[in-house]
Amino acid sequence: MIPYYYLGSISLVVIGIYIVIAKKNLIKIIIGLDIMDTGVNLLLISVGYVKNATAPIENVPGPYVDPIPQALVLTAIVIGVSVMALALSIAIGIYKKTGTLELDEIMGVEE
Amino acid sequence: MKRVLALTLAILLFIVFAMAFAKIPFGEKMSNYPDYYNPIENQTSNMSLPQHYLTYGKNDTGATNMVTAVVVDYRGFDTLGEVTVLFLASTGVGSLMYVEDKVKRKVRRSNAVVETGSKLLFGFIILFGAYIFIHGHLTPGGGFPGGAVIASSFLLLYLAYPKFHAEHKKLNVSESLAGLTFVIVGLLGLIIAGYFLYNFLPFGLPTYLFSAGVIPVIYVAIGVKVGSELTGIVDAMMGVRE
Amino acid sequence: MDLFTIVSLILITIMIIAAIIAAEIKDLLSAAIASGVMSLVVSILFYMLQAPDVAITEAAIGAALSMAVMIFGIKSTKRWEK
């Protein structure tokens, strides 16, 4: 029996991979990468969860959850949004040069 | 055709991932984790790595929030690298979105409710962001969320006032000063105790504002840096407006 | 089934539905808003998994800044996907 948190985050990753493979619009592909990023973050946090534990802030006694994945994900989210902005600005540059966002029109492929 | 292939591949990947993650337990106690191996002393400890951080973290760093202890103290060098990646991405956005021929786009004026509301809320959101990163070593939060909250308050101003522009020079100065503070604090640790980012200030009493040595200093620097960089990204993506 | 399980299952369902909408809809603006909804639900899930630091970050960045940056990008290109 797989925990439902893992199932949810795996489905986010798989939806992201599907968008990256099947879609041809550049902004859609960037949205897919963003969804994949969120899925990986949720997976890491749910691996570090401990039942009946509190957040790792030592004002209160008791068992705490794992702080290492939280520290990893905290920086990864901020890096994710800045890298997404970089990808979007590259897409805008391509649009200004070619006038389209569809990958097959940019590459000049006839279907 | 391509759609069907992609869907098949996605379902196959889902099955593979699900089989891989079925073995990893969810919500398990930390005493069941494997013990960590210390290569310097060449021996295996009797507890796992997160347990070590949770047990000795308060004495090692003086911080109450263990996530902050891991981000700024135990893995501070890592954080310096991540901040550098953020700086590079922000520079890239600025240079790619730079327009030479200043084509101005017309922007509609937003309505009175948004203008008045953002005028009222702006100060409070900035205050909340500053609270988050000043108390990063005591309560949930820290430099990264605080900087994001400050950037979102500037985003509110950008949405409400079409003519608003954050001054690039001030953004650059605050961003560079914050980065310099981080590196100088690290180098001071190198001079005083012999390794980079050493926590050389006195720890003080735990749960007090002035505690945990250099952690609040570094986290305030990170908060200012992240806030000005994300504001710069929003400014560059907004483009030139009239 | 305790309360934690029930609320988690509901939120995970909403999250997956929002991700599928973001994948399939032709209007890029709606896709960006759907991904923002997904980020907001994920931030509630982070809070339930006892990660308040990450929840604050995700709420500020995923639901506000990331969506705004994406909408600015769509505004200076095309709105509709072919």
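Look above for the structure.
Residues numbered from 1 in each chain as written. Chains lettered and ligands numbered in written order. Predicted model: local features only at pLDDT ≥ 70, side-chain atom pairs only at ≥ 80, totals over all residues. Heavy atoms only, no water.

S.K.: Explain the overall build of chain A here, please?
M.R.: A tally of helices and strands in chain A yields four helices and zero strands. Its helices and strands taken in sequence order, chain A reads α-α-α-α from the N to the C terminus. Since a compact globule built from 111 residues should have a radius of gyration of about 13 Å, the 19 Å found for chain A marks it as more spread out than a globular shape. The principal-axis extents of the C-alpha atoms in chain A amount to approximately 65 × 30 × 10 Å. Going through the 111 residues of chain A one by one, you find that 64% of them count as buried. Long-range pairs, those at least 24 residues apart, make up 49% of the contacts in chain A with a sequence separation of at least 6. By element, 68% of the accessible surface of chain A is carried by carbon and sulfur atoms, the whole surface being about 4200 Å². (Helix = DSSP H or I, 4+ residues; strand = E, 2+ residues; numbered from the N terminus. Rg over C-alpha atoms; globule rule 2.2 N^0.38 Å. Buried < 20%, exposed > 50% of the residue type's maximum accessible area, 1.4 Å probe, protein only. Contact = heavy atoms within 4.5 Å. Areas by Shrake-Rupley, 256 points an atom, 1.4 Å probe, with all protein chains shown as cover.)

S.K.: Looking at this structure, how should I read unusual backbone geometry?
M.R.: Among all residues save glycine, negative phi is the norm, and among peptide bonds the norm is trans. Of note in the backbone geometry, Asn52(A) takes a positive phi value of approximately 55° without being a glycine. Within the secondary structure, Asn52(A) sits in the loop between α2 (26-47) and α3 (67-98). One non-glycine residue, Leu197(B), adopts positive backbone phi at about 65°.

S.K.: Please clarify how the interface of chain A and chain B should be interpreted in this entry.
M.R.: Size of an interface, as often reported, equals the accessible area lost when the parts are brought together. Of the residues lining the interface, 46 residues belong to chain A; the matching set on chain B comes to 51 residues. Of the roughly 4300 Å² buried where chain A meets chain B, counting both sides, 77% is carbon and sulfur surface. Area buried by chain A at its contact with chain B is led by Tyr18(A), Glu58(A) and Ile68(A), which between them contribute 14% of it. Connecting chain A to chain B are zero salt bridges. Where chain A touches chain B, the interface holds six residue pairs in polar contact (both at pLDDT 80 or more). Elements that contribute at least two residues to the side of chain A that touches chain B include exactly α1 (4-22), α2 and α3 of chain A. In terms of residues, the side of chain A that touches chain B owes the most to one element, α3(A), which gives 18 residues. A breakdown of the residues in the side of chain A that touches chain B according to their chemical character gives 33 nonpolar, seven polar and six charged. (Buried area = accessible area lost by both parts, 1.4 Å probe. Salt bridge = Lys/Arg side-chain N within 4 Å of Asp/Glu carboxyl O. Polar contact = N/O pair within 3.5 Å; in protein donor to acceptor, adjacent residues only side chain to side chain. Nonpolar A, V, L, I, M, F, W, Y, C, P; charged D, E, K, R; others polar.)

S.K.: What is the right way to look at the packing of aromatic side chains in this model?
M.R.: Remark: the centre distance and the inter-plane angle together describe each pair of aromatic rings, the angle taken between the planes. Enumeration according to the criterion identifies 11 aromatic pairs over all chains in this entry. Summarising the aromatic geometry, the rings of Tyr6(A) and Phe26(B) are spaced 5.9 Å apart at their centres and angled 85° between planes, so their arrangement reads as edge-to-face. A residue pair is termed interchain when its members come from two chains, as with Tyr6(A) in helix α1 and Phe26(B) in the loop between α1 (2-21) and β1 (37-38). There is no split in this pair, since Tyr6(A) and Phe26(B) are both buried. (Phe/Tyr/Trp six-rings, centres within 6.5 Å; stacked < 30°, edge-to-face > 60°.)

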